[in-house]
Amino acid sequence: MSKFLWSYLLISPAVLGATLVVSSSAMAADAQQPADALKPTAAKAETAETSEAKLNALAAVSETTAASEPVEEISQASAGNETQAAIADLDTAAPESAIARANTAPAAANPEAASQPTSESLAAAGPTVAQPVENSAPAAQLETPAPAATALPEQIGAVQLETPAPAVAESAEQSLAKPAESVAQTAAPQDQNPAATLEQLNEYSSEGAASGETQGQVTSVSQLSDVRPTDWAFQALQSLVERYGCIAGYPDGTFRGNRAMTRYEFAAGLNACLDKVSELIRAGTSNLATRDDLAALQRLQEEFAAELATLRGRVDALEARTAELEANQFSTTTKLTGEAIFALSDDFGGDVSVFGRDNTNLGSDNNEAVFQQRVRLNLNTSFTGRDLLLTRLQVGNGRSFNLGATREGTQTWNFVGRTDNVVALDTLLYKFPVGPRLNVTLAANAVVWDDILPTVNPYFEDFDGGNGSLSTFGQRNPIYRLGGGSGIGFDYAFGGRGLLGGVFGPTSLSFGYLASNAANPSQGAGLFNGDYAAMGQLTFTPGRNLQIAFNYNHGYFSRGNFGFDNGLANGPGSLGGFTGTGVANSLNGLSEGFDGFRGRKVVSDSYGAQASLRLSPRFILGGWAGLTNARIIGIGDAKIWNYAVTLALPDLGKEGNLLGFVVGREPYLDKLEAASSLRRFRNDDSYHVEGFYKFQLSDNISVTPGVIWVTNPNQDDRNDDIIIGTLRTTFTF
């Protein structure tokens, strides 16, 4: 029987659904026992002669089935002492015998039974309490229901005036393992040794969670997108989902019924459904099972007894280990994560020191090979399980190459605040939900727009970390770098979070306000009277494979503070920017100031559009375009453009690997309305071309070689091209 059942159950989880519908629908007609037992019936008025006739009939049945145990029956019409004795007999009856007795062989296999009263007729004759008779029929016969000519449909009619649950249900609960997490569909494990089982179960419990949230119990089979009414197991799944509520889908709303499973997975799923049915029984739910179902359930329980016992042992061991870890953990609310970047880089370009406004030379081309590092430590604290207090400490020595006035080709670890290995507080923010769809971000220090708004650039965006693009330009549209600091942000999701199962979030509306000098009480500073930026974004996610976003950024910058630099506010005389040409970041020097000219304040309005299309799980095409209209107070207006196209090939060669390309133009000054003596600048095409390949050595270590090539740096063809070669190693923990 074991081989026969296993050969059918290993096929797929869809077979699990079909099997569990019989087995889990099986248990619960016993729930009618307490209800039926408590109903006052006319049987209390039966005469002693009726009880004697029933005893004779039951004895005849016992003879035909060759049972080895006697049957005891006590009429409810008898005195109170007899009723108490009957209840005691019922409580001591073996549940296994009761189940086996309910599935006698057909009359064709036992001709004498056709002429004798059956147990069904006895149950219909009146409420009696009988000691179940053990059935010696083979397991194969238990699967065959008795013909209609010899057996009538019945409900279990044992009387229990004072017991809260049927004896069969109590026995089933005792023989089952502790409640285990339901495994709806998982990949078949590669190893079946006990040491690998716990790891596999941990993987199964979290499989499919791409966006950070998991799918809850589905309430309708229609919520499973890959299940159709024409599927052969549709009715079985419908019953398990809608009748018993013990099957859940993946976070992407699928069931994956064609995937293979192991006996451990089947045992876990069976155990979950048995637990659910037991709850229904204890709740007194009626009309759920028949005796044939109970017999099938008993066989399944016995067949997978070893697996259930193994699961129980593994879960107990895991609970003990978890308790030990919790007793010795750093904090009950805080988790430490970190990233360390080791980067070997060199500049193979030439002289890029010419600044087009007055043909002066800024800097030199004296660059040597460097070995740099940056470390980030993140303290992630959650008080409710849904909120996040992020405290980031940062230290490093990554300096940008001496590339004159331009900020093109800047790499993600090249901005670290202080570059002399002094630990400093970087990002400090608190995110919390207000209802199921609105997230609020309180920004306390060094918060940037990608902490609040989705940047629609998967695989390249790593929050200026070490697992995305090499350059800061390749991470996101540069208008996300206009402004930063302290303030507040909101993100409202129109759809459920974490339900798409892809690399994109839901359709959402996001906006926020950040001030660069919010902690400074001086005149012209503070939260509302200093540099600030306000930004809003509407993000569309029409499906799992496409996301489009449109955003608007309005900012005010005091003298010397304009630039695509995350609100650095470095002041006049010090060129800012983490991406883009020097001409764009300084507005041809009019924001920073120069000899004989004092820098000006700037008000900017920026517009951006970005999109990402997943043509296949291993081919993602993206891009963006941005326009910044900058008004130089007292001087005139300027236009700054930027755009790019990206291509990501994830899991190329190995899971976790990433081949990426970025082609575009970093922010460049396209037009300047000012006096003739101030608007002279060059606008030669300055393209950014980047390619990298991240090789995932392990879960925590990756190595990324790559090249950044910038033509006509600082939008001036008199400058030599920038060619930067990098070998980046990233450690995450």
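Residues numbered from 1 in each chain as written. Predicted model: local features only at pLDDT ≥ 70, side-chain atom pairs only at ≥ 80, totals over all residues. Heavy atoms only, no water.

Colleague: Could you give an account of the overall build of the protein chain, with specific residues and numbers?
Modeller: Counting secondary structure elements, the protein chain contains 15 helices and 22 strands. Within the span of the protein chain, comprising 733 residues, buried residues form 50% of the whole. Accessible area of the protein chain: about 32,300 Å², with a carbon and sulfur share of 56%. (Helix = DSSP H or I, 4+ residues; strand = E, 2+ residues; numbered from the N terminus. Buried < 20%, exposed > 50% of the residue type's maximum accessible area, 1.4 Å probe, protein only. Areas by Shrake-Rupley, 256 points an atom, 1.4 Å probe, with all protein chains shown as cover.)

Colleague: Let's hear about the layout of surface pockets: which residues, and what values?
Modeller: Empty space within the second largest pocket amounts to approximately 1,100 Å³. Around the second largest pocket, the lining comprises 49 residues; the ones closest to its centre are Phe415, Val416, Gly417, Leu568 and Phe578. Secondary structure elements with two or more residues in the lining of the second largest pocket: strand E7 (388-396), strand E8 (424-434), strand E9 (438-447) and strand E10 (485-493). (1 Å grid on protein atoms, 1.4 Å probe; cavity = no way out; pocket = protein on both sides within 12 Å on 5 of 7 lines; lining within 4 Å. Points joined across faces, edges and corners; volume = space filled by probe spheres on them.)

Colleague: Would you mind going over the nonpolar core in detail, with residue names and values included?
Modeller: Of all hydrophobic cores here, the largest spans 31 residues; its most connected members are Trp449, Phe562, Leu587, Ile640, Leu669 and Leu672. Listing elements by their share of this core, those giving two or more residues are E9, strand E12 (532-543), helix H15 (582-586), strand E17 (619-632), strand E18 (636-650) and strand E19 (658-672). Setting aside residues up to four positions removed in sequence, Leu669 forms contacts with Thr581, Val583, Ala584, Leu587, Asn588, Ala638, Lys639, Ile640, Phe681, Asn683 and Gln715. Grouped together as the second largest cluster of nonpolar side chains are 20 residues, Ala343, Ala644, Val662 and Ile724 included. (Core = buried A, V, L, I, M, F, W, Y, C linked by side-chain atoms within 4.5 Å. Contact = heavy atoms within 4.5 Å.)

Colleague: Would you mind going over helix H13 (residues 291-303) in detail, with residue names and values included?
Modeller: For H13, built from 13 residues, the straight-helix expectation of 18 Å at 1.5 Å per residue is met to within 8% by its first-to-last C-alpha distance of 18 Å. Burial analysis of H13 places 10 of its 13 residues in the buried class, the great majority of the element. Of all the positions in H13, only Asp293, Leu294, Ala295, Ala296, Leu297, Gln298, Arg299, Leu300, Gln301 and Glu303 are classed as buried. (Expected span 1.5 Å × (residues − 1).)

Colleague: Outline the environment of Gly524, listing residues and values.
Modeller: Structurally, Gly524 is set in the loop between strand E11 (508-515) and E12. Of the residues examined, Gly524 reaches a relative accessible area of 40% and is grouped as partly exposed. On a C-alpha basis, the gap between Gly524 and Ser558 in space is 8.6 Å, while along the polypeptide they are 34 residues apart. Setting aside chain neighbours within four positions, we find Gly524 in contact with Asn529 and Gly530.

Colleague: Residue-level account of the pattern of salt bridges, with values.
Modeller: Considering all chains together, one arrives at 16 salt bridges under this definition. Residue Asp450 pairs with Arg476 through a salt bridge whose shortest N-O separation is 3.5 Å. With Asp450 in the loop between E9 and E10 and Arg476 in the loop between E9 and E10, this pair connects stretches of sequence that are 26 residues apart. Accessibility expressed as a relative area gives 0% for Arg476, which makes it buried. The shortest N-O distance in the salt bridge between Arg682 and Asp684 comes to 3.3 Å. Each member of the salt-bridge network shares a partner with another, and the members are Asp450, Glu461, Asp464, Arg476 and Arg481. (Salt bridge = Lys/Arg side-chain N within 4 Å of Asp/Glu carboxyl O.)

Colleague: Can you break down the confidence of the model for the protein chain residue by residue, with the values?
Modeller: Chain-level pLDDT for the protein chain is 75 on average; 67% of the residues reach the 70-or-more range. Per-residue pLDDT stays below 50 along residues 1-16; that stretch engages in 43 contacts with residues further than four places along the chain or on separate chains. Under a pLDDT of 50 for its full length, residues 21-215 has, in the predicted model, 301 contacts with residues more than four places off or in other chains. (pLDDT = per-residue confidence, 0-100.)

Colleague: Requested: an account of the packing of aromatic side chains, with residues and values cited.
Modeller: With the rule as written, the count across this model stands at 17 aromatic pairs. Both rings, one in Tyr552 and one in Tyr607, keep their centres 5.4 Å apart while their planes meet at 40 degrees; by these two values the pair is tilted. Residue Tyr552 is found in strand E13 (residues 546-557), and its partner Tyr607 is found in strand E16 (residues 602-616); the two are separated by 55 residues along the sequence. Taking relative accessible area as the criterion, Tyr607 reaches 41% and is therefore assigned partly exposed. Site record: aromatic cluster; members linked through ring pairs are Tyr513, Phe528, Tyr532 and Tyr556. (Phe/Tyr/Trp six-rings, centres within 6.5 Å; stacked < 30°, edge-to-face > 60°.)

Colleague: With reference to specific residues and values, describe the environment of Ala609.
Modeller: Within the secondary structure layout, Ala609 lies in strand E16. Ala609 gets classed as partly exposed once you look at its relative accessible area, which sits at 29%. Sequence-wise, Ala609 and Trp624 are 15 residues apart; in three dimensions their C-alpha atoms are separated by 5.6 Å. Aside from chain neighbours lying at most four places away, what touches Ala609 is Asn477, Ala549, Phe550, Asn551, Gly623, Trp624 and Ala625.

Colleague: Tell me about the pairing of E11, residues and numbers included.
Modeller: For E11, a buried count of 6 out of 8 residues is recorded, marking the element as mostly surrounded by other parts of the structure. Looking at chain direction, E11 and E12 are connected through 8 bridges and run antiparallel. Bridge pairing in E12 links Tyr513 to Ala534. (Pairing = 2+ DSSP bridges.)

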